[in-house]
Amino acid sequence: MSDATPRRIVLLRHAKADWPSVPDLERPLADRGRHDAPGAGRWLAGTGIVPDLALCSPAVRTRETWKLAAHELPRRPRTVYEERLYEATLGDLLALLNETPDEVAELLLVGHNPGMHALADALSGKAEGDLLSRMNRGGFPTSSVAVVTFSGSWKTVEHGVGTLTAYWAPHD
């Protein structure tokens, strides 16, 4: 793939989690989360987005979100459970993007806030219509999906490189 290759980054925040007396990494989805996560998958399927690679935080809530969302896709992409997505800073997330192999045209990250929202906002130098203001006004709630496009190598991903082309939230 050339440096002009169009690429898509899909950011999925985990669905609503429960708060039982377990370590944070082991928090499961709440009933609302189990209801909303498939909706994110249906929305992705409806847009025709089928990632080449999914990187998912190892937290129970992100794994459950991805399992429910991926079930709605026409095909499940290769999935890697990436420990660095748990409690990732914006810098950590940009580093992960920069490490993505160039044969990947569409990458999906399943992670947590504030990182998912910060990354979507940082990458979006432009946006279609009012998507950026909608996304920022809503604060990137659980089960939200942002889609950012850019051209070039993953090694060139940096602040403002992309265009926010889609945003979806379950209760928007």
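Residues numbered from 1 in each chain as written. Predicted model: local features only at pLDDT ≥ 70, side-chain atom pairs only at ≥ 80, totals over all residues. Heavy atoms only, no water.

A. Representation of unusual backbone geometry within the structure. Cis peptide bonds are those with omega within 30 degrees of zero, and the linkage from Asn 113 to Pro 114 qualifies with 10 degrees. Even without being glycine, Glu 87 reaches a positive phi, approximately 60 degrees. Residue placement: Glu 87 occurs in the loop between β3 (78-81) and α3 (90-98). Residue class for Glu 87 comes out exposed when judged on its relative accessible area of 62%. Positive phi outside glycine occurs at Phe 140, with the angle close to 60 degrees. By the element assignment, Phe 140 lies in the loop between α5 (131-138) and β6 (145-151). (Helix = DSSP H or I, 4+ residues; strand = E, 2+ residues; numbered from the N terminus. Buried < 20%, exposed > 50% of the residue type's maximum accessible area, 1.4 Å probe, protein only.)

B. A look at the pairing of strand β2 (residues 53-56). Burial of the side chains of β2 extends over both faces: Leu 53 and Leu 55 are buried on one face and Ala 54 and Cys 56 on the other. Note that the unit made of β2, helix α2 (residues 60-70) and β3 has a crossover that is right-handed. In the sheet, β2 pairs with strand β4 (residues 106-111) via four bridges, with the strands oriented parallel. Across the sheet, the residue bridging to Leu 55 is Leu 109, located in β4. (Right-handed = clockwise from strand over helix to strand, strands pointing away. Pairing = 2+ DSSP bridges.)

C. Fine view of helix α4 (residues 115-123). Among the nine residues that make up α4, seven are buried, leaving the element largely enclosed by the rest of the structure. Those residues of α4 not exposed but buried are Gly 115, Met 116, His 117, Leu 119, Ala 120, Ala 122 and Leu 123.

D. Region of the structure containing the pattern of salt bridges. In total, this model carries nine salt bridges according to the counting rule given. Salt-bridge contacts for Arg 8 lead to Glu 106; the nearest nitrogen and oxygen are separated by 2.6 Å. In this pair, Arg 8 is assigned in strand β1 (residues 6-13) and Glu 106 in strand β4, connecting sequence segments 98 residues apart. With its nearest N and O atoms 2.3 Å apart, the salt bridge here joins Arg 34 to Asp 31. In this pair, Arg 34 and Asp 31 are both assigned in helix α1 (residues 31-47), three residues apart and thus about one turn of the helix distant. One network of salt bridges, in which partners are shared, links Asp 24, Arg 27 and Arg 61. (Salt bridge = Lys/Arg side-chain N within 4 Å of Asp/Glu carboxyl O.)

E. Fine view of the environment of Arg 13. Mapping Arg 13 onto the fold places it in strand β1. By relative accessible area, which is 17% here, Arg 13 ends up buried. Taking the C-alpha atoms as reference, Arg 13 lies 5.8 Å from Val 110; in sequence the two are 97 residues apart. With residues up to four places along the chain from it excluded, the contact list for Arg 13 reads Thr 65, Gly 111, Asn 113, Met 116, Phe 140, Pro 141, Thr 142, Ser 143 and Ser 144. There is a polar contact of 2.8 Å between the side chain of Arg 13 and the backbone oxygen of Phe 140. (Contact = heavy atoms within 4.5 Å. Polar contact = N/O pair within 3.5 Å; in protein donor to acceptor, adjacent residues only side chain to side chain.)

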